[in-house]
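What follows is each chain in one-letter form.
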Amino acid sequence: MPHNMTRIGRRAFVLSLGASAGAGMFAMASKSRRGSDDQEDQDRLTRDKPRDFSVNGDASLRERAAAKGLLYGAAAREQVLTSNPDFASAFARECGILVPENELKWQGIRPRFDRFNFKRADELADFARDHDMLYRGHTLVWHKALPAWFKEKVNSKNAEKILTDHIKTVAKHYAGKMHSWDVVNEAIEVADKRPDGLRKAPWLNLLGPDYIDIAFRAAAEADPKALLVYNENQLEHYNKPRNEAKRTQVLKLLERLKSKGVPVQALGMQSHLGSKPLGSQGKKLRQFVKEVADLGLKIIVTEMDVSEKLPWDVAARDRQVAAIYEEYLSIVLDEPATIAVMTWGLSDRYTWISKRIQRQDGASVRPLPLDAQLERKLAWNAIARAFDHAPQR
Ligand code: G3I
């Protein structure tokens, strides 16, 4: 081990050695499970051939992304960031941009119809500023996280004014300081069977499809400097026909908006990944991001993490999660229109997935770059390698 390595460097170096040593154990382990589920073994990205997750040096994800003209950051919770100094310093080390996990949603910022409370979101904005980070907003329009007063206060007569007033108030509050806004989130739901694929969300029911145009125009007027993003989930999945239908509808929506001069400037791909590798489907993902870029849009990976319930040991799970990250990012970062990667959290200590996924073995979930002790995992290595191998912007 090179003598001049820092503690973090030693971790990354040892981690990479562990990764290749683990390969041997991993291969033996998989052989012992061979009969358990061949399909599952097929899904092991690293089943027999040891993957090399090694990285050079101990530069942070923030530094590795910046070296290629990219941004890396994560979602953060104000209460967590302001009360955990160890986590705060890890966050400042690894992240060049911060997005509030919940503090800028209607529920988080507007406790009463006639009252905005920017305190928590401002704390996060201040943290970003104090650590030379950029700040991005999530989200101005969504069908979830609506406050309790919404239903009783908002109707088809006042909806447009309430929507535009909300967007202008919030976007103006951060005008000039916001890298980008998720203006509209998750507007497509093919299961709702509308020809335009739009989700039967409150704003659609109140204002019709033009609610999206109205939202983007209001955001552009309130903060002309922010990059305006349409954010969507499940664009990365290929396991059901409806995934392809969703990608088609998202492209059609973006084309419609662009043709009407609506100021949408980027697609946010949430990127909540599963534990199945893309494999040959990777070429469809590559094609999709190219079609988005061909519309003149930027791409931001906005909420990346990996949910897995694999019945494997931790080392094997970590290798699979790392391989999923590297496979996905190597494709998306190949597209020059991709400008930033956000994970939905930085450490396994604070992930929404722990509420969403209960593993049968009762083990903790391990979706993010740092473990619960804030140590770098193979997931960190995989993301670092993806930035190191990405084309220069
Ligand atoms: O803050 C209240 C707390 O006062 C109360 O005691 C508690 C009772 O359950 O709820 C707390 O609010 C919760 C909030 O997270 C803050 O922890 C909400 O109930 C809970 O619904 C909310 O969940 C968030 C979810 O979005 C819905 O807003 C998750 O943390 C957040 O990770 C998740 O993030 C979404 C993105 O915004 C959009 N894409 C999908 C992603 C994952 O679902």
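Use the structure listed above.
This is a predicted model, so every value here is computed, not measured.

Student: Explain the site of the ligand to me, using residue names and the numbers behind them.
Tutor: Neighbouring residues of the ligand: 13 residues in total, closest Glu101, Lys105, His138, Glu303 and Trp344. One of the side-chain nitrogen or oxygen atoms of Glu101 is found 2.5 Å away from an oxygen atom of the ligand. Burial of the ligand by the protein amounts to 48% of the accessible area it has alone, namely 790 Å².

Student: Would you mind going over the packing of aromatic side chains in detail, with residue names and values included?
Tutor: Any two aromatic rings considered together are summarised by their centre-to-centre distance and by the angle between their planes. Under the defined criterion, the tally for this structure stands at 13 aromatic pairs. Where Tyr135 meets Tyr174, the ring centres are 5.8 Å apart and the plane angle is 65°; that geometry is what we call edge-to-face. Taken together, the residues span a long stretch of sequence, with Tyr135 in strand 3 (residues 134-141) and Tyr174 in the loop between helix 9 (159-173) and strand 4 (180-185) at a distance of 39 residues. We note that Tyr135, like Tyr174, is buried. Ring geometry for Trp149 and Phe150: centres 6.3 Å apart, planes at 40°, overall tilted. Trp149 gets classed as buried once you look at its relative accessible area, which sits at 8%. Classification of Phe150 by relative accessible area gives buried; the value is 5%. Through pairs of rings, three or more aromatic residues link up here, namely Trp106, Phe113, Trp149, Phe150 and Trp203.

Student: Which residues make up helix 9, and what values go with them?
Tutor: When the terminal C-alpha atoms of helix 9 are compared, their 21 Å separation across 15 residues agrees well with the 21 Å that a helix rising 1.5 Å per residue should span. Restricting attention to buried positions, one finds in helix 9 the residues Ala159, Ile162, Leu163, Thr164, His166, Ile167, Val170 and Ala171. Elements in contact with the buried residues of helix 9: helix 6 (106-109), strand 3, helix 8 (150-153), strand 4, helix 10 (202-207) and helix 11 (211-222).

Student: Tell me about unusual backbone geometry, and please be specific about residues and values.
Tutor: Residues His138 and Thr139 are joined by a peptide bond in cis, for which omega reads -5°. In this fold, Thr139 is placed in strand 3. One non-glycine residue with positive phi stands out, namely Glu186, at about 55°. Relative to the assigned elements, Glu186 resides in the loop between strand 4 and helix 10. Accessibility expressed as a relative area gives 8% for Glu186, which makes it buried. Its identity is not glycine, yet Lys193 carries a phi of approximately 60°, on the positive side. Within the secondary structure layout, Lys193 lies in the loop between strand 4 and helix 10.

Student: Any chance you could break down the side chain of Lys246 for me, citing the residues and the numbers?
Tutor: Looking at where Lys246 falls in the secondary structure, it is placed in helix 12 (residues 241-259). Residue Lys246 is classed as buried on the basis of its relative accessible area, which comes to 4%. At a separation of 3.0 Å, a polar atom in the side chain of Lys246 contacts the side chain of Glu232. Among residues more than four places away in sequence, those in contact with Lys246 are Ile188, Val190, Arg199, Glu232, Asn233, Gln234 and Leu235.

Definitions and cut-offs
Residues numbered from 1 in each chain as written. Predicted model: local features only at pLDDT ≥ 70, side-chain atom pairs only at ≥ 80, totals over all residues. Heavy atoms only, no water. Near = heavy atom within 4 Å. Polar contact = N/O pair within 3.5 Å; in protein donor to acceptor, adjacent residues only side chain to side chain. Areas by Shrake-Rupley, 256 points an atom, 1.4 Å probe, with all protein chains shown as cover. Phe/Tyr/Trp six-rings, centres within 6.5 Å; stacked < 30°, edge-to-face > 60°. Helix = DSSP H or I, 4+ residues; strand = E, 2+ residues; numbered from the N terminus. Buried < 20%, exposed > 50% of the residue type's maximum accessible area, 1.4 Å probe, protein only. Expected span 1.5 Å × (residues − 1). Contact = heavy atoms within 4.5 Å.

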